[in-house]
Amino acid sequence: MDVTSPSANILHGLKMAPSHALRCCKRALNWVPVLFINLVVGWSYYAYVVELCVYTIPNNAERISYLVIFHIFLTMFIWSYWKTIWSKPAGPSKVFCLPRAEKELYEREERADTQQEILKKVAKNLPVYTRTAGGAIRYCHSCQVIKPDRCHHCSTCEMCVLKMDHHCPWVNNCVGFSNYKYFVLFLAYASLYCVVICATVVQYFIKFWTKQLPETHAKFHILFLFFVAALFFISILSLLSYHLWLVGKNRTTIEAFRAPVFANGPDKNGFSLGFSRNVAEVFGEQAKYWMFPVFSSLGDGHSFVTRLVHIDPEQANSILQQNGKSPADGETNPCVPGNNIQHTVDESKEKIDGGQIVSVTMESEP
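Since this is a predicted model, take the numbers as computed values, not measurements.

### Considering the pattern of salt bridges
Pairing is possible between side chains that carry opposite charge, provided their charged atoms lie close to one another.
Phase 1: A full pass over the atoms with the stated rule returns six salt bridges.
Phase 2: A salt bridge links glutamate 255 to arginine 150; the nearest nitrogen and oxygen atoms lie 2.9 Å apart. In this pair, glutamate 255 is assigned in helix 8 (residues 253–257) and arginine 150 in the loop between strand 3 (145–146) and strand 4 (152–154), connecting sequence segments 105 residues apart. For the residue pair glutamate 255 and arginine 150, the accessibility class agrees, reading buried in each case.

### Quick notes on the sheet that holds strand 9 (residues 265–266)
Phase 1: Strand order in this open sheet of three strands is 1-8-9, and the pairing throughout is antiparallel. Each edge of the open sheet carries a strand with a single partner, namely strand 1 (130–131) and strand 9.
Phase 2: Looking at chain direction, strand 8 (residues 261–262) and strand 9 are connected through two bridges and run antiparallel. When the sheet's bridge partners are listed, phenylalanine 262 is paired in strand 9 with glycine 265.

### Considering helix 2 (residues 32–54)
Since the α-helix turns once every 3.6 residues, residues separated by three or four places project in the same direction.
Phase 1: A rise of 1.5 Å per residue sets the reference length of helix 2, with its 23 residues, at 33 Å; its end C-alpha atoms lie 31 Å apart and thus fit the reference within 8%.
Phase 2: Restricting attention to buried positions, one finds in helix 2 the residues Pro33, Val34, Ile37, Val41, Ser44, Ala47, Tyr48, Val49, Glu51, Leu52 and Cys53.

### Some thoughts on a nonpolar patch on the surface
Phase 1: A contiguous nonpolar surface patch, about 390 Å² in accessible area, is contributed by Trp79, Trp290, Met291 and Phe292.
Phase 2: With respect to the secondary-structure elements, methionine 291 resides in the loop between helix 9 (275–283) and helix 10 (313–322).

### Overview of the UniProt feature "transmembrane region" (unreviewed entry) in the protein chain
Phase 1: In the numbering used here, UniProt assigns the "transmembrane region" (unreviewed entry) feature to residues 28–48, 64–82, 182–206 and 218–242.
Phase 2: Along residues 182–206 one finds 100% helix and 0% strand; the C-alpha atoms at either end are 35 Å apart.

### Some thoughts on the state of the cysteines
The bond known as a disulfide is covalent and runs between the sulfur atoms of two cysteines.
Phase 1: In total, this model carries zero disulfides according to the counting rule given.
Phase 2: Free of any disulfide, cysteine 174 has its nearest cysteine sulfur in cysteine 154, 3.3 Å distant.

### Quick notes on unusual backbone geometry
Phase 1: Residues other than glycine seldom take positive phi values, yet glutamate 158 does so here, at roughly 60°.
Phase 2: Turning to its location among the elements, glutamate 158 is positioned in the loop between strand 4 and strand 5 (159–161).
Phase 3: The class for glutamate 158 is partly exposed, based on a relative accessible area of 48%.
Phase 4: One non-glycine residue, asparagine 172, lies in positive phi territory at about 50°.
Phase 5: Position of asparagine 172 relative to the elements: it lies in the loop between strand 6 (166–168) and strand 7 (173–175).

Rules behind the numbers
- Sequence order sets the numbering: in each chain, residues are counted from 1 along the sequence as written.
- Whole-chain, interface and lining totals are the exception, using all residues; otherwise, since this is a predicted model, local features are given only for residues with pLDDT of at least 70 and side-chain atom pairs are given and counted only at 80 or more.
- Water and hydrogen atoms play no part in the side-chain values, which are based on all heavy atoms of the structure.
- Salt bridge, as used here: a side-chain nitrogen of Lys or Arg that lies within 4 Å of a carboxyl oxygen of Asp or Glu.
- In this description a helix means any DSSP run of H or I spanning at least four residues, a strand means any run of E spanning at least two, and both kinds are numbered starting from the N terminus.
- Three exposure classes are used, based on accessible area relative to the maximum for each residue type with a 1.4 Å probe and protein chains only: buried under 20%, partly exposed in between, and exposed over 50%.
- Each pair of strands is called paired provided DSSP finds at least two bridges between the two strands.
- Under the convention used throughout, the expected extent of a helix is 1.5 Å for every residue step, that is, one less than its residue count.
- Candidate patch residues must exceed 30% relative accessible area and have no salt bridge, after which like charges are joined if within 9 Å and Val, Leu, Ile, Met, Phe, Trp or Tyr side chains if within 5 Å.
- Using a 1.4 Å probe, accessible areas were evaluated by the Shrake-Rupley method; residue-level cover was limited to the displayed protein chains.
- UniProt positions are given in the numbering used here, feature names are shortened, and annotations may be inferred rather than shown by experiment.
- What counts as a disulfide here is a pair of cysteine sulfur atoms lying within 2.5 Å.

Structure below.
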């Protein structure tokens, strides 16, 4: 029987208490950027609705039209922003965990080569096509899972996140498969929100600046509102442009800095399926849902169609024929997915070049 003395328990508790307190403080501090954004938005609402529309604009028709347009974009902005914040990051399913027997072998084994053999054996039955820079199976020791393609471990969220893009302090959340569409819409509507403010405030900004309007308490709010909206628009527009470019290329921020490594080597365009298909993976195939922060992304976040990379035409044709497909005349390039973007594990893995694995899917583009 293992008996622990009371003094040892007390010492253990004293050691754990500071650690727990620090973690709580860190979690509280992580909400500071979110609080800042909400305070700025709250002040902008007061400045626009009260100081501009109520106290400054004399015309009722102009006042009402401004209020209607302002509240439409504010609603979409807040909706997409809070969806980004409160959407829990999606993690790998239990399928990617090592079975009990293999897990025990892996933990007992000290040799890295033998551990890799264990991981390769399990990965054969999983839709995993990317590797580490050294060509090894990507395994997370913290979460104890084989990482799905495009999945990465977030040290802040303390979990593996499917199709992780980055951890954003402004939303205090990981941006990944579960909320990437919301994040892009948040940037888009934040930009439009700033545009609406600048476009409707500018004439009164000029009048106050040139002293065409009398000095009132609204002057400070309107002048400051225009400057803040303009500065936020410039900074947000640059970030939005970058992420729209990523969507068009079907890359994450992580993949933009470090190309994903496949069995045949790194390829920054390994997941690119053409502009329309790339956009559909994030926003979905039904355009009526694109503008709304509702989930419409394709797939399950665990597997993604990859295009043929670093394969000569003869090898590509051979693989396609073995899968029951045949390319069009002279066409040996990327795979184009249909409605189902997940890999067919049993049929789409073929061994070439001494065991290298390539996923192939070929369909005509709609």
